[in-house]
Amino acid sequence: MGDGPGLVVTGASGRMGRTLVRLIAEPGSGARLAGAVVGGGHPWVGRDIGEAMGGGALGVLVSDDPLEVFARAQGVIDFTTPAATVEFAGLAAQARAVHVIGTTGLEEAHLRRIEAAARHAVVVRAGNMSLGVNLLTALTRKVAAALGEDWDIEIVEAHHRMKVDAPSGTALMLGEAAALGRGVRLEEVADRGRDGITGARERGHIGFASLRGGDVVGEHDVIFAGEGERVVLRHLATDRAIFARGALRAALWGQDKAPGEYTMMDVLGL
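Residue indices begin from 1 for each chain and proceed along its sequence in written order. Totals for whole chains, interfaces and linings use every residue, but because this is a predicted model, local features are given only for residues with pLDDT of at least 70 and side-chain atom pairs only at 80 or more, for both listing and counting. Side-chain descriptors were evaluated using all non-hydrogen atoms of the structure, hydrogens and water having been removed beforehand.

Some remarks on the packing of helix H1 (residues 15-25) against helix H9 (residues 241-253)
How two helices pack is summed up by the angle between their axes together with the distance between the axes.
Right, on to step 1. At a closest axis distance of 9 Å, the pairing of H1 and H9 adopts a crossing angle of 60 degrees. The pairing of H1 with H9 is recorded here as oblique in orientation. Judged by the twist between their axes, the crossing of H1 over H9 is right-handed. In this structure, H1 contributes Met-16, Thr-19, Leu-20, Leu-23 and Ile-24 to the contact, and H9 contributes Ala-241, Phe-243, Ala-244, Arg-245, Ala-247 and Leu-248.
Right, on to step 2. Class assignment for the residues of the contact of H1 with H9 results in 9 nonpolar, 1 polar and 1 charged. Here an axis means a line fitted to C-alpha atoms, over the contact stretch when the element is a helix, while the angle between two N-to-C directions is reported on a 0 to 180 degree scale. A run of H or I in DSSP becomes a helix once it reaches four residues, and a run of E becomes a strand once it reaches two; helices and strands are each numbered from the N terminus. Under this scheme an angle from 65 to 115 degrees is roughly perpendicular, one under 35 degrees roughly parallel, and one over 145 degrees roughly antiparallel; angles in between are oblique. Handedness of a crossing follows from how the near helix is turned relative to the far one, being left-handed for an anticlockwise turn of less than a right angle and right-handed for a clockwise one. Note on contacts: a residue pair is in contact if any heavy atoms of the two residues lie within 4.5 Å. Think of it as three bins: nonpolar holds Ala, Val, Leu, Ile, Met, Phe, Trp, Tyr, Cys and Pro, charged holds Asp, Glu, Lys and Arg, and polar takes everything else, Gly as well.

Encoded structure:
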């Protein structure tokens, strides 16, 4: 077990949860594993998280009581569901623990509750925690600002068959960056699905397309299509550990920050 701030992993039995547990438990991670949370009734409750994952004991028992676990931690890393995340946001704020949110599919009502929690504690929220994607986001904003509305913007994303929300949080993050570059609101120009006789593409709109299949970790293309030429910005993720490493970096970065809501752009200084 490492030294440093104690971090809790929520949704510890999921793919991202397991990846985070392994990463934090590595020597030299800069943090220590302070807790692992799963839903009530899960068969892992009360077991050592390391043994539950099929490895050696890590000295941390799996719990379904987030309030008790958060109270003795300095950070929470959360890749779960919108309903669970807003509950965790309130509990992390009570504990004054840094809350790193990688959950996608959040709606306006969820975001308002997270914003309220951020008045009392540090919240780092991003649709994608990877360094490469956040660089792509910065580039997308710059290219959108440089190219006029004669250039159509389409965002195409692909993920594994088990992903439940579409477009992905990363695709929406890229769309927000493109809209910001153009000085417009994404919700006013987004085309989030086309079917049937849709008519000609509207000038200035930002289109989204979602692909689902196999075990694709994550692929995102931002396409700027003009007359006779295209500019394509692309990010391919081949290992979900990139998201875990980014989330860990965010949890460590937030330890000495004032309460508020931050993004990975803040963490990376972009």
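Continuing now.
Things to note about the pattern of salt bridges
Right, on to step 1. Here, a salt bridge means any Lys or Arg side-chain nitrogen found within 4 Å of an Asp or Glu carboxyl oxygen. A full pass over the atoms with the stated rule returns 14 salt bridges.
Right, on to step 2. Of the charged contacts in the structure, one is a salt bridge between Glu-261 and Arg-125, with a shortest N-O distance of 2.9 Å. Note that Glu-261 is positioned in strand S12 (residues 260-262) and Arg-125 in strand S6 (residues 122-125), a separation of 136 residues in sequence.
Right, on to step 3. When salt bridges with common partners are traced through the structure, they connect Asp-152, Glu-154, Asp-191, Arg-194 and Arg-201 into a single cluster.

Some words on the sheet that holds strand S4 (residues 75-78)
Right, on to step 1. For two strands to pair, DSSP has to find at least two bridges joining them. Within the open sheet, the 7 strands sit side by side as S3-S2-S1-S4-S5-S6-S12. Their pairing is parallel. The outermost strands of the open sheet, each flanked by one partner alone, are strand S3 (62-63) and S12.
Right, on to step 2. Two elements, strand S2 (residues 32-37) and S3, share 2 bridges in a ladder whose sense is parallel. Directly across from Ala-36, in S3, lies its bridge partner Val-62.
Right, on to step 3. In the packing of helix H4 (residues 82-95) onto the sheet, contacts are made with strand S1 (6-10), S2, S4 and strand S5 (98-101), and the angle to S5 comes to roughly 165 degrees.
Right, on to step 4. On the sheet, H9 packs against S1, S4, S5, S6 and S12 and is oriented at approximately 155 degrees with respect to S5.

Some points on the layout of surface pockets
Right, on to step 1. A pocket, in this scheme, is an open set of points on a 1 Å grid over the protein atoms alone with protein on both sides within 12 Å along at least 5 of 7 lines, while a cavity is a set where a 1.4 Å probe fits but cannot get out; residues line either one if an atom lies within 4 Å of a point. Grid points are joined across faces, edges and corners, and a volume is the space filled by probe spheres set on the points. In this structure, the largest pocket spans a volume of roughly 1,400 Å³.
Right, on to step 2. Leu-111, Arg-125, Leu-172, Met-173 and Glu-176 are the residues nearest the centre of the largest pocket, which is lined by 39 residues in total.
Right, on to step 3. Elements represented by at least two residues in the lining of the largest pocket include exactly helix H5 (108-117), helix H6 (131-146), helix H7 (169-182), helix H8 (186-189), S12 and helix H10 (264-268).
Right, on to step 4. Sorting elements by how many residues they give to the lining of the largest pocket places H7 first, with 6 residues.
Right, on to step 5. By residue class, the composition of the lining of the largest pocket is 17 nonpolar, 9 polar and 13 charged.
Right, on to step 6. As a volume, the second largest pocket reaches approximately 1,000 Å³.

Observations regarding the nonpolar core
Right, on to step 1. Only buried Ala, Val, Leu, Ile, Met, Phe, Trp, Tyr and Cys residues count toward a nonpolar core, and they belong to the same one when joined by side-chain atoms within 4.5 Å. Exposure categories follow from relative accessible area, calculated using a 1.4 Å probe and restricted to protein chains: below 20% of the type maximum is buried, above 50% is exposed, and the middle band is partly exposed. Of all hydrophobic cores here, the largest spans 39 residues; its most connected members are Leu-20, Ile-24, Ile-49, Ile-77, Val-100 and Val-124.
Right, on to step 2. Broken down by element, the residue count for this core peaks at 7 residues, all from H9.
Right, on to step 3. If we ignore the near neighbours within four places in the chain, the residues touching Ile-24 are Leu-7, Val-9, Ser-29, Ala-31, Arg-32, Leu-33, Ile-77 and Leu-248.
Right, on to step 4. Formed by 18 residues, the second largest nonpolar core is a distinct cluster that contains Leu-136, Val-143, Leu-186 and Leu-233.

Things to note about a nonpolar patch on the surface
Right, on to step 1. On the surface, a nonpolar cluster with roughly 260 Å² of combined accessible area is contributed by Leu-131, Leu-135 and Leu-270.
Right, on to step 2. Leu-270 gets classed as partly exposed once you look at its relative accessible area, which sits at 47%. Patch membership requires over 30% relative accessible area and the absence of a salt bridge. Like charges are linked within 9 Å, and nonpolar side chains (Val, Leu, Ile, Met, Phe, Trp, Tyr) within 5 Å. Accessibility throughout is a Shrake-Rupley quantity obtained with a 1.4 Å probe, and a residue counts as covered only by protein chains that appear here.

Re the side chain of Asp-221
Right, on to step 1. Counting through the fold element by element, Asp-221 comes out in strand S10 (residues 218-226).
Right, on to step 2. At 2.6 Å, the side chain of Asp-221 and the side chain of Arg-234 are in polar contact.
Right, on to step 3. Not counting the four nearest positions on each side in its chain, Asp-221 is found in contact with Glu-154, Ile-155, Val-156, Val-232, Leu-233 and Arg-234. Throughout this description, a polar contact denotes any pair of N or O atoms lying within 3.5 Å of each other; where both atoms belong to protein, one of them has to be capable of donating a hydrogen while the other can accept it, and for residues adjacent in sequence the pair is counted only when both atoms sit in side chains.

Section: the side chain of Glu-154
Right, on to step 1. Structurally, Glu-154 is set in strand S7 (residues 152-159).
Right, on to step 2. Glu-154 sits in the buried class, given a relative accessible area of 19%.
Right, on to step 3. Those residues within four positions of Glu-154 in sequence are excluded, and the remaining contacts are Arg-194, Arg-201, Gly-207, Phe-208, Asp-221, Val-222 and Ile-223.

Looking at H7
Right, on to step 1. Taking 1.5 Å per residue as the helical rise, H7 with its 14 residues ought to reach 20 Å, and the 20 Å between its terminal C-alpha atoms agrees with that figure.
Right, on to step 2. In terms of burial, H7 is a largely internal element, 11 of the 14 residues being buried.
Right, on to step 3. Residue Gly-183 follows H7 closely and has a positive phi angle near 75 degrees. Each residue after the first adds 1.5 Å to the expected span of a helix.

Structural notes on the packing of aromatic side chains
Ring pairs (aromatic) are described by centroid distance and by the angle formed between their planes.
Right, on to step 1. Working definition: a ring pair exists when centres of Phe, Tyr or Trp rings (six-membered ring for Trp) sit within 6.5 Å. Plane angles under 30 degrees give stacked, over 60 give edge-to-face, the rest tilted. Scanning the entire structure with this criterion turns up 2 aromatic pairs.
Right, on to step 2. Ring centres 5.2 Å apart and planes at 80 degrees place the aromatic pair Trp-253 and Tyr-262 in the edge-to-face group.
Right, on to step 3. Note on Tyr-262: relative accessible area 19%, which makes it buried.
Right, on to step 4. Positioned over the ring face of Trp-253 is Lys-257, at 4.4 Å from the centre of the ring. Any Lys NZ or Arg CZ found within 6 Å of a ring centre and within 35 degrees of that ring's normal is scored as a charge over the ring.

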